[in-house]
Amino acid sequence: VAEAAGLLSAACRGYTNLGALYTVIDPAQALEVCRRGLEVARRIGDMHRTVSASPAYLKRCGVPQHPSELENGHHRLLGYFSWGDERFTLKRGDEEYEVHTRPAIALDDTNAMLAAGLAGLGIARTATFMVEPYLAAGTLQAVLPEWSRGSSPGYVVYPPNRQVSAKVSAVI
């Protein structure tokens, strides 16, 4: 995905009217839309996620040492709007831990998740390519860095039955 982010960045520099939308969607749902012929999807890579929080939040609430500390209100987790409890798996080598949590703050946008994490509102789970500059600058810190969220496929989705513009061609 870092490669895809680099392609998007280069394309945006070359085409001032090119916009990009990054959204979190169930890949099966997106592929079903494509099967019905409403959109065309082209896989561009894998999306990796990073768990992070602001230094101020970690100073105030402590640094989790194990995924179990993300449960039962020990820490304030930021989540995606899902009407209730969330589950996600963290892996370290052969060990897996399924975290069961109810987000303290539920958001429906990855940029909002990133902003809430930067504001010290809790522990965020965002796309690695989005959080890397903030980790490098020290405005966010990785939480449980030895544990991985794994990855999910990343796609460029565009309307079918149209001539693909030079902007879209530059990305795909």
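On a predicted model such as this, the values are computed, not experimentally measured, just so you know.

Caption draft 1: Structural view of the overall build of the chain. Within the chain, the regular secondary structure consists of 6 helices and 8 strands. Per-residue burial over the chain gives 33% buried out of 172 residues. A separation threshold of at least 6 residues defines the contact pool for the chain, and within that pool the share at least 24 residues apart is 73%. Carbon together with sulfur atoms contributes 51% to the accessible area of the chain, which is approximately 10,100 Å² in total.

Caption draft 2: How the structure looks around the confidence of the model for the chain. Residues at a pLDDT of 70 or more form 67% of the chain, whose mean pLDDT is 78. Predicted confidence in the chain is weakest over helix H1 (residues 2-14), with a mean pLDDT of 51, and strongest over strand S7 (residues 141-142), with 96. Confidence drops under a pLDDT of 50 for residues 16-22, and excluding neighbours within four residues, the segment shows 11 contacts in the predicted structure.

Caption draft 3: Geometry of the pattern of salt bridges. As enumerated under the stated definition, the model contains 2 salt bridges in all. For the salt bridge of Glu96 with Lys91, the shortest nitrogen-to-oxygen distance reads 3.8 Å. The partly exposed category is assigned to Lys91, whose relative accessible area is 41%.

Caption draft 4: Structural context of the nonpolar core. Grouped together as the largest cluster of nonpolar side chains are 13 residues, with contacts concentrated most on Ala53, Leu70, Phe88, Leu90, Ile123, Val143 and Leu144. In this view, Leu144 contacts Pro64, Gln65, His66, Pro67, Leu70 and Leu90; residues no more than four positions away in its chain are not counted.

Caption draft 5: Structural view of the side chain of Arg125. Counting through the fold element by element, Arg125 comes out in strand S6 (residues 124-127). A distance of 3.1 Å separates a polar side-chain atom of Arg125 from the backbone oxygen of Leu78. Not counting chain neighbours up to four residues away, the residues in contact with Arg125 comprise Thr50, Val51, Leu77, Leu78, Gly79, Tyr80, Glu86, Phe88, Met113 and Arg149.

Caption draft 6: Structural context of the packing of helix H4 (residues 110-118) against helix H5 (residues 128-137). Packing of H4 against H5 leaves a shortest axis separation of 11 Å and a crossing angle of 20°. In terms of their interaxial angle, H4 and H5 are classed as roughly parallel. H5 is crossed by H4, and the crossing has right-handed handedness. Side by side, H4 and H5 meet where Thr110, Asn111, Leu114 and Leu118 of the first sit next to Met130, Val131 and Tyr134 of the second. Class assignment of the residues belonging to the contact of H4 with H5 gives a composition of 5 nonpolar, 2 polar and no charged.

Caption draft 7: Representation of the pairing of strand S4 (residues 95-101) in the model. The sheet contact formed by strand S3 (residues 86-92) and S4 spans 7 bridges and is antiparallel. Looking at S4, one finds that Leu90 is bridged to Tyr97. Where S3 hands over to S4, the hairpin turn is made up of 2 residues, of which Gly93 adopts a positive phi near 60°.

Caption draft 8: The arrangement of H5 in detail. Within the sequence span of H5, burial applies to Thr128, Met130 and Val131. Down the axis of H5, the sector holding all buried residues measures 145°, keeping them to one side. In H5, the exposed positions that point more than 90 degrees away from the buried face belong to Ala136 and Ala137. With its phi angle positive at about 85°, Gly138 sits one or two positions after the end of H5.

Caption draft 9: Region of interest: unusual backbone geometry. For Leu144, which is not glycine, the phi dihedral falls at a positive 50°. Tracing the sequence through the fold places Leu144 in the loop between S7 and strand S8 (151-158). Overall, Leu144 belongs to the buried group, its relative accessible area being 3%.

Thresholds applied
- Residues numbered from 1 in each chain as written.
- Predicted model: local features only at pLDDT ≥ 70, side-chain atom pairs only at ≥ 80, totals over all residues.
- Heavy atoms only, no water.
- Helix = DSSP H or I, 4+ residues; strand = E, 2+ residues; numbered from the N terminus.
- Buried < 20%, exposed > 50% of the residue type's maximum accessible area, 1.4 Å probe, protein only.
- Contact = heavy atoms within 4.5 Å.
- Areas by Shrake-Rupley, 256 points an atom, 1.4 Å probe, with all protein chains shown as cover.
- pLDDT = per-residue confidence, 0-100.
- Salt bridge = Lys/Arg side-chain N within 4 Å of Asp/Glu carboxyl O.
- Core = buried A, V, L, I, M, F, W, Y, C linked by side-chain atoms within 4.5 Å.
- Polar contact = N/O pair within 3.5 Å; in protein donor to acceptor, adjacent residues only side chain to side chain.
- Axes fitted to C-alpha atoms, helices over the stretch in contact; angles between N-to-C directions.
- Parallel < 35°, antiparallel > 145°, perpendicular 65-115°, else oblique.
- Left-handed = near helix turned anticlockwise from the far one by under 90°.
- Nonpolar A, V, L, I, M, F, W, Y, C, P; charged D, E, K, R; others polar.
- Pairing = 2+ DSSP bridges.
- Arc of directions from axis to C-beta.

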